[in-house]
Amino acid sequence: MKLLWKTHLVLSGIFFITMPGLAETTPMLRDSLPTEWEYSSQYSTAMPSDDRWWEGFDDPVLTSLIKLGENNSFDLSMALHRIEMARQNWEVAKAAYYPTLGISGGWTKEQQSGATSSMPGKAMGLDYFSLGLNFSWEIDVFGRVREQSKESKASYNASKAEYSAAMISLCSNIATAYFNYRLAQGRVDVAQRQITSQERISKITDARHEAGLASKLDVAQSLTVLYSTQASLPALINMQTAALNTIALLVGCYPDKIKEVLAPSRDLPNAFRMVKIGVPADLIRRRPDILQAEYELAGYAAAVGIAKKDFLPTLSLNGSVGTSAHKIDDLFSKNSFTYSIAPQLSWTIFEGLARNHRVAAAKEQMLAGIDNYNITVMNAVIETENALSTYDSSLRQIALYRKVLKESEESFTLAVDRYKKGLSSFTDVMNAQISMLDYENTLLETRASALTSLVKIYAAVAGAPENN
C-alpha cells in the first residue's frame, strides 16, 4: 500500500510531511518511515529459538528452563491463539472476493381478498412448492474489498510480530529471573560462610575474655555481628523462594517441579565474554515491537482507503435460479423453472457529511499510528543505550569490586592477627567483618546487574548482535 503522504522538508534529523486533505504540516521524528507499507525481508526478527543467545552463558540449567518455558508458557499460547484469530479474520476478508450462494426451499399457501380488487369477486387462493439457488456478488471494481483484505493482512502480520515480542520477552524474563535466583542463592551462601567465620571469631573473643585478655565488650560485639548476619538469612531465603516462584510462573509449572533442578548452588556466569559493546543501529529495526508498529500503521493506512471507498458507488450482482410448482412432482418439469438476474449499481450521494468525518477519523488514527511508530523507535534506541551503558559500567565495577574485596579480605586477616596478638582492639576486626560481607554481596549484585543488562541488550536488539 502506498503511503498517503510525501516528504516535505528534511532538517536537523527532523522531517515533516504534508497529508492530502490537511492544511497543516505535521512534524515527524528522525527515524525514516518505509516508502511502502509492505513486509520487507531487510528487517526481520530472528526467533529466540533460532538465535539461542542464552547458550552463550554456558549454563545448562538456564537452557533447560528456557526450553521448558517455550513449551509451557501460557503467554505464548495466548499469542498463538491471537495469531490464528487474526489469520481467520484475514480469510474472512478475502472471502468477500467470491459470491455468496444460498439454497432455499419451502411451501407457500396464501389467499388474496376478493373485496380489495378493482373487480370485486371471489377471494383467490394460491399454494405452491418452491426450490431455488440464490447468489449475491459484490464486484470489487473500486477496490473496497481489496482495502479490507489489506487491513486484515496487516493485523495478521502485527499479531505475528506480537508473538515474536512475547517470545523474546519470555526468554529474557526467564534469564533475568534465573540470575536473580542465583544472586539470592549466592547471597545465602555468602551469609552462611560469613556466619561460620564469625562463629570462629566469637569463640576467639570468648576465649580471650575467659583468659582475662579481652573485655566483655569484645564478646558482645562479636555476637552482635554474628546475630546480625544470622538475622539476614530468612530474608535472603525468602528472596530466593520468590525468585524460584517467578521462574516457575514464567516456565508454566509449579515451583516444586523445578526446585530440585535449581537447588544445587551454581555460580553466576562470566559476563565479560558475552558480547562486544557497540550494536549497529539497524539491529534495532528488527525488533518485533517496531515491526508490529509498522504493520499496525499499514492497517491504519488501509482503513483510510476503506473510508474513502465509501464515496464511490458499489456494483453488485444478485440473482437466483429455481423451480416452483403446485405439486412436488412438477418441480422439475419444463415449465416450472424460474430465474432472475439483477446487476445493481448503488451510490450514496449524501449522508450528512458522515463519510467526510469517517475519513478524517481514519486519518487521525493513522497519525496516531505514526506517533506510536516513532515513540516505539525512540524507546528502542533509549532501551539499548541504557542497557549498553549499564552493562559497561557494571563491568568496570566488577573489576574494581574484586580488588576491593581482595583488600578487604586481607584487612580482615591482618585485623584478626593483630587482635590475637593484642595489638589492636576488636573494633578493627568487627569493622573488617562487616566490610568484607558488604563488599562480597556488592560484588555479587554487580555481577548479576551486568548479566541482566546483557539480557536487556539481547532483548533490545531482538537477539545476539554477533549472530546476525
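What counts and what doesn't
Residues numbered from 1 in each chain as written. Predicted model: local features only at pLDDT ≥ 70, side-chain atom pairs only at ≥ 80, totals over all residues. Heavy atoms only, no water. Helix = DSSP H or I, 4+ residues; strand = E, 2+ residues; numbered from the N terminus. Buried < 20%, exposed > 50% of the residue type's maximum accessible area, 1.4 Å probe, protein only. Contact = heavy atoms within 4.5 Å. Areas by Shrake-Rupley, 256 points an atom, 1.4 Å probe, with all protein chains shown as cover. Expected span 1.5 Å × (residues − 1). Core = buried A, V, L, I, M, F, W, Y, C linked by side-chain atoms within 4.5 Å. Phe/Tyr/Trp six-rings, centres within 6.5 Å; stacked < 30°, edge-to-face > 60°.

Before going further, it helps to examine the overall build of the protein. Helices and strands together make up the secondary structure of the protein, namely nine helices and seven strands. Counting every position in the protein, which comprises 468 residues, the buried fraction comes to 41%. Excluding contacts between residues fewer than 6 apart, the proportion of contacts in the protein whose partners are at least 24 apart in sequence is 79%. Accessible surface for the protein amounts to roughly 25900 Å². Of this, 57% is attributable to carbon and sulfur atoms.

Further remarks concern helix α9 (residues 426-460). Since there are 3.6 residues in each turn of an α-helix, residues three or four apart along the chain are aligned in direction. Between its first and last C-alpha, α9 extends 50 Å over 35 residues, near the 51 Å set by a 1.5 Å rise per residue. Ala462 occupies a position one or two residues after α9 and carries a positive phi of about 60°.

Proteins that are soluble and globular tend to have nonpolar side chains buried together. Membership of the largest hydrophobic core comes to 65 residues, with the highest contact counts inside it found for Phe57, Leu65, Phe179, Ile247, Ile258 and Leu262. Of all the elements in the fold, those that place two or more residues in this core are α2 (60-72), α3 (74-94), α4 (144-210), α5 (216-251), α6 (255-262), α8 (354-420) and α9. Excluding anything up to four places from it in sequence, Phe179 contacts Phe57, Leu62, Leu268, Pro269, Leu451, Thr452 and Val455. Among the nonpolar cores identified, the runner-up in size contains nine residues, and Ala307, Ala362, Leu367 and Ile370 belong to it.

Inspection of the entire model under this criterion finds seven aromatic pairs. Seen in terms of ring centroids, Trp53 and Trp54 are 5.5 Å apart; in terms of plane orientation they differ by 80°. Their pairing is edge-to-face. In this structure, Trp53 and Trp54 share a single accessibility class: buried. On the basis of an interplanar angle of 70° and a centroid distance of 5.1 Å, the ring pair of Phe57 and Phe179 is categorised as edge-to-face. Of the two residues, Phe57 sits in the loop between α1 (48-51) and α2 while Phe179 sits in helix α4, which places them 122 residues apart along the sequence.

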